[in-house]
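If you want the building blocks of each chain, they are given just below.
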Amino acid sequence: MRDAHEQPLRWQPVATHLALLCVGAAYLALGIRRPLNVYDEGLILHGAERVLLGEIPYRDFWTVYAPGQYYLLAGLFRLFGTRVLVARVYDTLVRAALALVAYRLAGTLTSRAGALLVWLFEIAWLGFFEFYLYPAYPALLFCLATVLALQKATRSSQASRSLYWGIAGACIGATALFRHDFAAYQLAVTVLVAGVWYWRSTRDRRLTVVWQAFWRLAAGTALVAGPLYLVLISTAGIGTMWEQLIRFPATTFPEVRAMPFPQPTAAPPSPAFWEQTLAYLPYYLPVAIGGLGVLVAIRGAFRRRSLPLAWTACSTLALLSLLLFQQARVRSDLIHNFQMLTLTPVLLAGWVGESRPGAGVRHHWRQALVVLVLGLLLAHPWREGMQRWRSGFPWPGTPASRIAKAYPVPVDRQLEQVALRLESLTSPGEPIYVGVGTHDRIFVNEPLIYFLADRPAATRYHELHPGQATTRAVQQEIINDLEREGVRWMVISTRYDGVREPNASALSSGITDLDDHIGARFRLFAQIGPYTILSRRAQIP
């Protein structure tokens, strides 16, 4: 009889996880027909397409992203076809899995009801962001999985502990495939927290035991991330990868992409002031919670007689969240602070879990405070979500694009006309160029056009990044590529030429080599809204 009663209990967590995964994916799929992002989403789509054609990131095309998203998406394209829908289904499943891992981790820290609240919070924010194929989603998934493995390791016997150290390392390696910076932060924090835990919570403090744990952590990381990075280093060169993955993001990117911290522009106590304040809370409140979490972690490590059960997870989450704020500190908006928003509810769940119901009033006060904080953080996506629905959500009745690769996602009609026109003017596999109105000052370009027109980029730089494509060296390289490939057709987009951000991207570099070359060698063929299709002068009768 005992075995008969235990069987449903073993399957109950599996059924719950599958249900949450399916419900989360179904909810997130409601927004799968949102309009395409011509820049960020276009970068990943065309980058994956280039990998599918045999090109190597960093060597054959310039990118500041880790390689994992390109290779995984290229594999999916090979299996299911090169379509936007394939990419968005993959992204939807990743987001749903991210919320599920957050639920699983929260379940080790607090009650099932608390874990479910964490899941609802994650799903609400994941559904709010119209930012598909963001490499931070799978990276954060594996970051949370690392914390979960770390939590398991510190609660297991010595025999099982070795396995969980290896799993934690493998998760860090998987993180590195999608965001190398996230992985570096995660590895540093994991080593620090694990070291303190060994110092405070184990009787065997021999260095050999600690080193064995760190060795398994490093081995797991290297086994997962090492092969791909070693291949890329051997083909692209370590200097090239260092330039694109480390130096440029650390030095040039902050100069040309930094944004001021958000603050209300309306005067108090007007309704607009409170609306703006509520909108900015998700940016600032997680920073305060992360800082408080670090202080609590330090207090627990040095002032308590023994470490709480949730100490390793909460300390890791708090430290990691502050390190991940680095990107949001430069690019000060909500999507770049999504990392902290993802970790915050799990950290709060651990804080509540430290005081059990037997603690009485103190426990209930903690619960009420956490619910209030999560409610404040959800107010903005709820309000914006309601406005989106009222303004017209892209339901299945919305006309889909005539471009087969984009179906069933709607595409801007002018952009669609440009892509179809380029496809009709060129032969399959013929390279084209997609530029901007002025190459001495760039905000963003539209690499999505390469993908929609189904034509390869004639140059390494399908992404025209300020501080890179605005330099003489890169413009000369693009000019050489245009001539070497014999490019006959190009499209110049002026859609974002008027955007001026308060950073160096708004300033002209004074380098007009590429603009001068285009003006001398190409002429107007067609004008479609902000898009100008150009042809080599010799081709137009």
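Residues numbered from 1 in each chain as written. Predicted model: local features only at pLDDT ≥ 70, side-chain atom pairs only at ≥ 80, totals over all residues. Heavy atoms only, no water.

Novice: Can you help me understand the packing of aromatic side chains in this one?
Specialist: In this description, an aromatic ring pair is defined by two values, namely the gap between the centres and the angle between the planes. Applying the stated criterion across every chain yields a total of 21 aromatic pairs. With 5.3 Å between their ring centres and 85° between their planes, Trp-125 and Phe-128 make a pair best called edge-to-face. Residue Trp-125 and its partner Phe-128 are both found in helix 5 (residues 112-128); the two are separated by three residues, about one turn of the helix. Aromatic pair Tyr-134 and Tyr-137: ring centres 5.5 Å apart, planes at 90°, arrangement edge-to-face. Chaining the aromatic ring pairs together yields one cluster made of Trp-125, Phe-128, Phe-129, Phe-131, Tyr-134, Tyr-137 and Phe-338. If you follow Arg-95 out to its NZ or CZ, it ends over the ring of Tyr-132, 4.7 Å from the centre. Lying over the aromatic face of Phe-451, Lys-405 brings its terminal NZ or CZ to 4.0 Å of the ring centre. (Phe/Tyr/Trp six-rings, centres within 6.5 Å; stacked < 30°, edge-to-face > 60°. Helix = DSSP H or I, 4+ residues; strand = E, 2+ residues; numbered from the N terminus. Lys NZ or Arg CZ within 6 Å of the ring centre and 35° of its normal.)

Novice: Mind showing me how you'd approach the pattern of salt bridges here?
Specialist: Side-chain pairing between opposite charges can occur once the charged atoms of the two side chains come close. Using the criterion set out here, one finds 22 salt bridges in the structure. With a shortest N-O distance of 2.6 Å, Asp-91 and Arg-95 are connected by a salt bridge. With Asp-91 and Arg-95 both in helix 4 (residues 84-107) and four residues apart, the pair spans about one turn of that helix. A residue is classified by how much of its surface remains accessible, and Asp-91, at 2% relative accessible area, is buried. Arg-95 gets classed as buried once you look at its relative accessible area, which sits at 3%. Across the pair Arg-247 and Glu-243 runs a salt bridge, and its minimum N-O distance is 2.6 Å. On the criterion of helical spacing, the pair formed by Arg-247 and Glu-243 is a turn pair, its members being four residues apart in helix 10 (residues 238-257). Note on Arg-247: relative accessible area 31%, which makes it partly exposed. (Salt bridge = Lys/Arg side-chain N within 4 Å of Asp/Glu carboxyl O. Buried < 20%, exposed > 50% of the residue type's maximum accessible area, 1.4 Å probe, protein only.)

Novice: I'm lost on the pairing of strand 3 (residues 522-528) in this one. Help?
Specialist: A regular strand carries its side chains on alternate faces of the sheet. One ladder, built from six bridges, connects strand 3 with strand 4 (residues 531-536); its direction is antiparallel. From the neighbouring strand, Gln-527 faces strand 4, where its bridge partner is Thr-532. In this antiparallel pair of consecutive strands, strand 3 and strand 4, the connection spans two residues, and Gly-529 shows a positive phi of 60°. (Pairing = 2+ DSSP bridges.)

Novice: What am I meant to see in the packing of helix 5 against helix 13 (residues 338-353) here?
Specialist: Between two packed helices, the angle of one axis relative to the other and the distance separating the axes together describe the packing. One way to put it is that helix 5 packs onto helix 13 with a least axis distance of 10 Å and a crossing angle of 170°. As judged from the angle between their axes, helix 5 and helix 13 are roughly antiparallel. Side by side, helix 5 and helix 13 meet where Val-118, Phe-121, Glu-122, Trp-125 and Leu-126 of the first sit next to Phe-338, Leu-341, Thr-342, Pro-345, Val-346 and Ala-349 of the second. Tallied by class, the residues present in the contact of helix 5 with helix 13 amount to nine nonpolar, one polar and one charged. (Axes fitted to C-alpha atoms, helices over the stretch in contact; angles between N-to-C directions. Parallel < 35°, antiparallel > 145°, perpendicular 65-115°, else oblique. Contact = heavy atoms within 4.5 Å. Nonpolar A, V, L, I, M, F, W, Y, C, P; charged D, E, K, R; others polar.)

Novice: Is there a simple way to think about the nonpolar core in this case?
Specialist: Inside soluble globular proteins, nonpolar side chains tend to come together where they are buried. By size, the foremost hydrophobic cluster in this structure holds 166 residues, and its most contacted members are Leu-45, Leu-73, Phe-129, Tyr-137, Leu-422, Tyr-433 and Leu-452. Sort the elements by how many residues they give to this core and helix 4 lands first, with 14 residues. Residue contacts for Leu-73: discarding those within four places in its chain leaves Ile-44, Leu-45, Ala-48, Ala-87, Tyr-90 and Leu-133. (Core = buried A, V, L, I, M, F, W, Y, C linked by side-chain atoms within 4.5 Å.)

Novice: What's the story with the pairing of strand 1 (residues 433-436) in this structure? I'm lost.
Specialist: Neither face of strand 1 is open: one carries Tyr-433 and Gly-435, the other Val-434 and Val-436, and all of them are buried. Here strand 1 runs beside strand 2 (residues 489-493); their pairing, made up of four bridges, is parallel. If you follow Gly-435 over to strand 2, its bridge partner there is Ile-492.

Novice: Would you take a moment to explain the state of the cysteines for this structure?
Specialist: Disulfide: a covalent bond formed between the sulfur atoms of two cysteine residues. Applying the stated criterion across every chain yields a total of zero disulfides. Not engaged in a disulfide, the cysteine Cys-171 finds its nearest cysteine sulfur in Cys-143; these two sulfurs lie 9.5 Å apart. Classification of Cys-171 by relative accessible area gives buried; the value is 11%. The thiol of Cys-314 is unpaired, and the distance to the nearest cysteine sulfur, on Cys-143, comes to 16 Å. (Disulfide = S-S within 2.5 Å.)

Novice: Help me understand the sheet that holds strand 3, please; the structure alone is not making it clear to me.
Specialist: Whenever strands of a sheet pair, they do so through backbone hydrogen bonds, lying parallel or antiparallel. Judged by pairing direction, the sheet is mixed, and its four strands sit side by side in the order 1-2-4-3 without closing on themselves. Each end of this open sheet is capped by a strand with a single partner; those strands are strand 1 and strand 3. Going across the sheet, the axis of each strand differs from the next one's by a mean of 30°, ignoring polarity. Across the sheet, helix 18 (residues 513-521) lies against strand 1, strand 2, strand 3 and strand 4, angled at about 90° from strand 3, the strand it touches most.

Novice: How should the environment of Ile-403 be read in this particular structure?
Specialist: For Ile-403, the position within the fold is in the loop between helix 14 (361-392) and helix 15 (413-425). Accessibility expressed as a relative area gives 4% for Ile-403, which makes it buried. With 18 residues separating them along the chain, Ile-403 and Arg-421 place their C-alpha atoms 11 Å apart.

Novice: Explain a nonpolar patch on the surface to me, please; I cannot follow it from the model alone.
Specialist: A surface patch of nonpolar side chains, about 620 Å² in accessible area, is lined by Trp-199, Leu-292, Leu-295, Val-296, Ile-298 and Phe-302. In terms of residue count, the dominant contributor to the nonpolar patch is helix 11 (residues 271-302) (five residues). Counting through the fold element by element, Ile-298 comes out in helix 11. (Patch = residues over 30% accessible without salt bridge, like charges linked within 9 Å, V, L, I, M, F, W, Y side chains within 5 Å. Areas by Shrake-Rupley, 256 points an atom, 1.4 Å probe, with all protein chains shown as cover.)

Novice: How do you make sense of the packing of helix 8 (residues 180-201) against helix 11 when you look at a structure like this?
Specialist: Closest axis-to-axis distance for the helix 8/helix 11 pair is 10 Å, and the angle between their directions is 30°. Compared by their axis directions, helix 8 and helix 11 come out roughly parallel. Where helix 8 approaches helix 11, its residues Val-196, Trp-199 and Arg-200 are matched on the opposing element by Gly-300, Ala-301 and Phe-302. Taken together, the residues of the contact of helix 8 with helix 11 break down into four nonpolar, one polar and one charged.

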